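What follows is the residue order along each chain.
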Amino acid sequence: MDILLIAVIVTALLFDFTNGFHDTANVVATSISTRAMPPRIAVGYAAVLNFVGAFISLQVAATI
C-alpha cells in the first residue's frame, strides 16, 4: 500500500514539473515572437512569476 502511495505522489510531482514547461512555453512564446521582450528576460519573468504564483493563492487547489 505504501509503495502505491509513493508511486502516485512521484507521478503527480513529475506531471506537475513537466506541465510547468508547457505553461512557460505558452506564456513566453507570445512575448518573444512579437519581439516585446528578449528571450532571456521573458523566461526570467516566467520563472519568477510562476514560482511566486504558487504561493499567492491556493483557491484553485481548494476548489478541486
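The structure displayed is predicted, hence computed values, not measured ones. (Residues numbered from 1 in each chain as written. Predicted model: local features only at pLDDT ≥ 70, side-chain atom pairs only at ≥ 80, totals over all residues. Heavy atoms only, no water.)

Here we take up the overall build of the chain. When you go through the chain residue by residue, the secondary structure sums to three helices and zero strands. For the chain, the sequential pattern of α-helices and β-strands runs α-α-α. A compact globule built from 64 residues would reach a C-alpha radius of gyration of about 11 Å, whereas the chain, at 16 Å, exceeds it by more than 25%. The principal-axis extent of the C-alpha atoms belonging to the chain is close to 50 × 20 × 15 Å. Going through the 64 residues of the chain one by one, you find that 6% of them count as buried. Accessible surface, the chain as shown: approximately 5800 Å² in total, 73% of it carbon and sulfur. (Helix = DSSP H or I, 4+ residues; strand = E, 2+ residues; numbered from the N terminus. Rg over C-alpha atoms; globule rule 2.2 N^0.38 Å. Buried < 20%, exposed > 50% of the residue type's maximum accessible area, 1.4 Å probe, protein only. Areas by Shrake-Rupley, 256 points an atom, 1.4 Å probe, with all protein chains shown as cover.)

A separate point is the environment of tyrosine 45. Considering the arrangement of structural elements, one finds tyrosine 45 in helix α2 (residues 39–56). Taking the relative accessible area as the measure of exposure, tyrosine 45 reaches 47% and is therefore partly exposed. Distance from tyrosine 45 to glutamine 59, taken between C-alpha atoms, is 23 Å for residues 14 residues apart in sequence.

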